[in-house]
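Summary of the model geometry
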Amino acid sequence: MTTTTTAPVHTSSSLRVVVAADAESAAGMAAERISALIRSRPTAVLGVATGSTPSPVYRALQTLRRTEGLDLSQASAFALDEYVGIDPRRPQSYRSVIDGEVTRSLGLDPLRVAIPDGSAPDLVEAAHAYEESIRSAGGVDLQILGIGHNGHIGFNEPGSAHDSLTRAVDLTPETRRANARFFDGGIDDVPTQALTQGIGTILRAREIVLLAFGSGKAEAVARALEGSIDRSSPASALRRHQAVTILLDKAAASMVG
Ligand code: F6R
């Protein structure tokens, strides 16, 4: 795989930013990192995101599975979030997306893949149970993240506390508009709430890889890396973590530095 990169634009002991030649190269790097982890520890716990950004990572892992015999059958995975009230059988539910792009395509054991229960009658209890299940699995070894146009990670919208845990949240109109492309009926069809891992939950992962592609993400990326670390920029919390890699294409990196 060709992975032409420029030198990391920011490096501290904890956070590395890599500008890749294109999204596919960046996704390939994320897949290689996951592959290395699984080879060293087949029972590793992955944190998996949905949306369009991680799809090329999952495709690259499929290729590694086919060409190099990468075996994820003993790995576990925890999804970041799920819409509240969505029928889990709908193709837009994150359960369906994870089932298709991760569990089946990558050969994970469905019993070891967890998704927040957005249909639970008691969302507080479901959120608590999700935290507990991550904890009892030993925590997430490697978390894959995308970033929203407004800087959200998971569905932690601006204003979210950086030590927040899994909980039900309201989605901003901006996020619902951005995700309307996945729903037949447009924005009115996009649920108004989600059950999401908190920023504090995400920060407990031992390693985090965030990917961002396209100029639409440039401002959120620059704020996360160079703006103040506060609630207005959920992704800025990543600068407090000890092992973060940010993989960008050139457009997403265009406002950095
Ligand atoms: C997805 C998630 C979100 C997305 C973000 C970017 O599980 O939690 O934070 O990563 O909204 O979405 P895309 O990749 O579709 O631009």
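Below or above, wherever it landed, is the structure these notes cover. (Residues numbered from 1 in each chain as written. Predicted model: local features only at pLDDT ≥ 70, side-chain atom pairs only at ≥ 80, totals over all residues. Heavy atoms only, no water.)

Concerning the sheet that holds strand E5 (residues 81–83)
Strand order in this open sheet of 3 strands is E5-E9-E8, and the pairing throughout is antiparallel. Pairing within the sheet leaves two strands with one partner each, and these edge strands are E5 and strand E8 (167–170). Neighbouring strand axes in the sheet, compared pairwise and without regard to direction, differ in orientation by 30° on average. Across 3 bridges, the pairing between E5 and strand E9 (residues 193–196) is antiparallel. Bridged to aspartate 81 within E9 is threonine 196. (Pairing = 2+ DSSP bridges. Helix = DSSP H or I, 4+ residues; strand = E, 2+ residues; numbered from the N terminus. Axes fitted to C-alpha atoms, helices over the stretch in contact; angles between N-to-C directions.)

Section: the pairing of strand E2 (residues 15–19)
For E2, the buried fraction is high: 4 of the 5 residues fall into the buried class. Bridge count for E2 against strand E11 (residues 244–248) is 5 bridges, and the pairing is parallel. Each residue of the ladder has a partner; that of valine 19, found in E11, is leucine 248. (Buried < 20%, exposed > 50% of the residue type's maximum accessible area, 1.4 Å probe, protein only.)

With respect to the pairing of strand E4 (residues 76–79)
Side-chain alternation along E4 places Ser76 and Phe78 on one buried face and Ala77 and Ala79 on a second face that is also buried. By the bridge criterion, 4 bridges tie strand E3 (residues 45–48) to E4 in an arrangement that is parallel. Across the sheet, leucine 46 pairs through a bridge with alanine 77, a residue of E4. Once the chain exits E3 it traverses helix H2 (residues 55–68) before rejoining the sheet at E4, and the crossover so formed is right-handed. Pairing between E4 and strand E6 (residues 113–114): 2 bridges, direction parallel. In the sheet register, alanine 77 faces E6, and the bridge partner there is valine 113. (Right-handed = clockwise from strand over helix to strand, strands pointing away.)

A look at the packing of helix H1 (residues 23–40) against H2
Packing of H1 against H2 brings their axes to within 8 Å, and their N-to-C directions diverge by 50°. Taken together, the axis directions place H1 and H2 in an arrangement best described as oblique. Between H1 and H2 the crossing geometry is right-handed. Where H1 approaches H2, its residues Ala27, Gly28, Ala30, Ala31, Glu32, Ile34, Ser35 and Arg39 are matched on the opposing element by Pro56, Val57, Ala60, Leu61, Leu64 and Glu68. (Parallel < 35°, antiparallel > 145°, perpendicular 65-115°, else oblique. Left-handed = near helix turned anticlockwise from the far one by under 90°. Contact = heavy atoms within 4.5 Å.)

Quick notes on the nonpolar core
Counting 69 residues, the largest nonpolar core has Leu46, Leu61 and Ile246 as the members making the most contacts within it. Ranked by residue count, the leading element in this core is H1, at 8 residues. Apart from the residues lying within four places of it in its own chain, the contact partners of leucine 61 are Ala31, Ile34, Ser35, Leu70 and Leu106. Counting 10 residues, the second largest nonpolar core, distinct from the first, contains Ile86, Ala180, Phe183 and Ala194. (Core = buried A, V, L, I, M, F, W, Y, C linked by side-chain atoms within 4.5 Å.)

Thoughts on helix H4 (residues 123–136)
Between its first and last C-alpha atoms H4 spans 20 Å; for 14 residues at 1.5 Å apiece the expected length is 20 Å, and the two agree. Within H4 the residues assigned to the buried category are Leu123, Ala126, Ala127, Tyr130, Glu131 and Ile134. The buried side chains of H4 occupy one side of the element, clustering within an arc of 140° when seen end-on. Turned more than 90 degrees away from the buried face of H4 sit Val124, Glu125, His128 and Ser136, all of them exposed. (Expected span 1.5 Å × (residues − 1). Arc of directions from axis to C-beta.)

Section: the packing of aromatic side chains
According to the stated counting rule, one finds 5 aromatic pairs in the structure shown. The interplanar angle of 75° and the centroid separation of 5.8 Å between the aromatic rings of phenylalanine 78 and tyrosine 130 together place this pair among those described as edge-to-face. Here the residue phenylalanine 78 occupies a position in strand E4, and tyrosine 130 occupies one in helix H4, the gap between them amounting to 52 residues. Taken as a pair, phenylalanine 78 and tyrosine 130 share a single burial class, namely buried. Relative to phenylalanine 155, the ring of tyrosine 94 has its centre 5.9 Å away and its plane inclined at 15°; by these criteria the two rings are stacked. (Phe/Tyr/Trp six-rings, centres within 6.5 Å; stacked < 30°, edge-to-face > 60°.)

Comments concerning the packing of H2 against helix H3 (residues 94–106)
Look at H2 against H3: their axes get within 10 Å of each other, and the N-to-C directions meet at 10°. It follows that H2 is roughly parallel to H3 by the angle criterion. Between H2 and H3, the contacting residues are Ser55, Tyr58, Leu61, Gln62 and Arg65 on the first element and Glu101, Val102, Arg104, Ser105 and Leu106 on the second.

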